[in-house]
Amino acid sequence: MTAEHTRLAAALRELRAGAGLSLAALAERTAYSKSSWERYLNGKSLPPRQAVQDLCRLANEPDGRLLALWEIAESYWSGRAVAPAPGPPADESPQPHPQDVPPPAGTGRRRLGRRRLLVVLASAYTVIVGGAAALLFLLLPDSEAQENASLPASVPFSLAPECHGAACESRDPMRMICGIDPETFAAYRTATGAHVELRHSKKCGASWARTWGTEIGDRVEVTAGGPTHSVRIGNKDDAATFMYTEMTEVRTGSTVRACFRPASADGERECFEARVGGAAVTSGRGSAP
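## Quick word on the packing of aromatic side chains
Turning to step 1, where the next piece is worked out: All chains considered together, the criterion is met by five aromatic pairs.
Turning to step 2, where the next piece is worked out: Plain terms: the ring middles of Tyr32 and Trp37 are 6.1 Å apart, the flat faces sit at 90 degrees to each other, and that makes the pair edge-to-face. Accessibility assignment for this pair places Tyr32 and Trp37 in one class, buried.
Turning to step 3, where the next piece is worked out: Residue classification places Trp37 among the buried residues on the basis of a relative accessible area of 1%.
Turning to step 4, where the next piece is worked out: Members of the aromatic cluster, connected to one another through ring pairs, are Tyr32, Trp37 and Tyr40.

Here you go:
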């Protein structure tokens, strides 16, 4: 389970606990079973977007924050936000650090002894706690007992954005934690029924386009007078969820423009734009490429 999935599960558990909703109540009032809710709340599987919305509705809580967390978790779950970490070239060996000076004679053995002791104590603690948790899980009866043995209601985490302004250009809004409580300052529905939104994060100083209800081969582009960023619907999984472009740097007063290119060869490109911090929105079809 990724850190993003852990954050989502913790937020869902906290919301459920605050609303006093049992697994049975959730199963009775939604389209998802008790066992499904047990998996969602404990992070064993990623909940559908509708399940997150249903929990927010039952808890009488706005769903914006939780849906943003879901989008981040889903992007990592699907692999769209995962980038391999670069490693050193195969022919390079780690170089010694200038400050790696050998310790005075006699001190190394004492430090090594302390480290070994700490490792042994930590290992023993892990075994004891892990064994107790496993035993408790085995002795508990089904999903209702697992409900009471859930992970803690809240897990500390930070939602601070990881970029701002020019540093966000061409970056993934979910991976950079810019998708938490963004503003949707323009929305458009295409002739094919797809939805396109212009999204903006004040904390990140950046905007991007989000789309759903699309077909394989559709493409959405966004620009704010600089580079154009686009996303293409490549398969049925992309068409079944939210897809979003990379971010573009914006400031108050910047005009952001989004264009939708349908997969069909005879379909017209549809564009619309909006001003950051303003209410004016213009739209049209067949705009010049």
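We are not done yet, so read on.
## With respect to the pattern of salt bridges
Turning to step 1, where the next piece is worked out: One pass over the structure, following the stated rule, counts ten salt bridges.
Turning to step 2, where the next piece is worked out: Across the pair Glu221 and Arg261 runs a salt bridge, and its minimum N-O distance is 2.9 Å. A residue pair is termed long-range when its members are at least 10 positions apart, and Glu221 in strand β4 (residues 219-223) and Arg261 in strand β8 (residues 255-261) qualify at 40 residues.
Turning to step 3, where the next piece is worked out: Judged by relative accessible area, which is 29%, Arg261 ranks as partly exposed.
Turning to step 4, where the next piece is worked out: Several salt bridges share partner residues, and in doing so they unite Glu71, Glu197, Arg199 and Arg210 into one network.

## Description of helix α4 (residues 49-58)
Turning to step 1, where the next piece is worked out: Considered for burial, the residues of α4 that qualify are Ala51, Val52, Asp54, Leu55, Cys56 and Leu58.
Turning to step 2, where the next piece is worked out: Contacts from the buried residues of α4 go to α1 (3-19), α2 (23-29), α3 (34-41) and α5 (64-77).
Turning to step 3, where the next piece is worked out: Asn60, located one to two residues past α4, shows a positive phi value of around 55 degrees.

## As for the state of the cysteines
Turning to step 1, where the next piece is worked out: One pass over the full model with this rule turns up three disulfides.
Turning to step 2, where the next piece is worked out: Two residues, Cys178 and Cys204, share a disulfide whose sulfurs are 2.1 Å apart. Between Cys178 and Cys204, the disulfide has an S-S torsion of -95 degrees and is therefore left-handed. On the criterion of sequence distance, the pair formed by Cys178 in the loop between α7 (143-148) and β1 (183-189) and Cys204 in the loop between β2 (195-201) and β3 (206-212) is long-range, its members being 26 residues apart. Each member of the pair, Cys178 as well as Cys204, carries the same accessibility label: buried.
Turning to step 3, where the next piece is worked out: For Cys259, the disulfide goes to Cys271, at an S-S distance of 2.0 Å. Sign of the S-S torsion, about 110 degrees for the bond between Cys259 and Cys271, identifies this disulfide as right-handed. Taken together, the residues Cys259 in strand β8 and Cys271 in strand β9 (residues 270-275) connect sequence positions twelve residues apart.

## Examining the pairing of β1
Turning to step 1, where the next piece is worked out: By the bridge criterion, six bridges tie β1 to β2 in an arrangement that is antiparallel. The residue bridging Glu183 from the neighbouring strand is His200, located in β2.

## Examining the confidence of the model for the protein
Turning to step 1, where the next piece is worked out: Scored by pLDDT, the protein has a mean of 76; 68% of the residues are at 70 or more.
Turning to step 2, where the next piece is worked out: Across residues 117-121, confidence stays below pLDDT 50; counting only partners more than four residues off in sequence or on other chains, it has zero contacts.

## As for the nonpolar core
Turning to step 1, where the next piece is worked out: Trp37, Cys178 and Met247 are the most contacted members of the largest nonpolar core, which totals 40 residues.
Turning to step 2, where the next piece is worked out: Looking at this core, the elements that each hand over two or more residues are α1, α2, α3, α4, α5 and β3.
Turning to step 3, where the next piece is worked out: If one sorts the elements of this core by residue count, α5 sits on top with eight residues.
Turning to step 4, where the next piece is worked out: Residues in contact with Cys178, not counting those within four places in the same chain, are Cys163, Cys168, Pro173, Ser201, Cys204, Trp208 and Met247.
Turning to step 5, where the next piece is worked out: Grouped together as the second largest cluster of nonpolar side chains are 20 residues, Val196, Val250, Val256 and Phe272 included.

Reading guide: rules and limits
- Residues numbered from 1 in each chain as written.
- Predicted model: local features only at pLDDT ≥ 70, side-chain atom pairs only at ≥ 80, totals over all residues.
- Heavy atoms only, no water.
- Phe/Tyr/Trp six-rings, centres within 6.5 Å; stacked < 30°, edge-to-face > 60°.
- Buried < 20%, exposed > 50% of the residue type's maximum accessible area, 1.4 Å probe, protein only.
- Salt bridge = Lys/Arg side-chain N within 4 Å of Asp/Glu carboxyl O.
- Helix = DSSP H or I, 4+ residues; strand = E, 2+ residues; numbered from the N terminus.
- Contact = heavy atoms within 4.5 Å.
- Disulfide = S-S within 2.5 Å.
- Pairing = 2+ DSSP bridges.
- pLDDT = per-residue confidence, 0-100.
- Core = buried A, V, L, I, M, F, W, Y, C linked by side-chain atoms within 4.5 Å.

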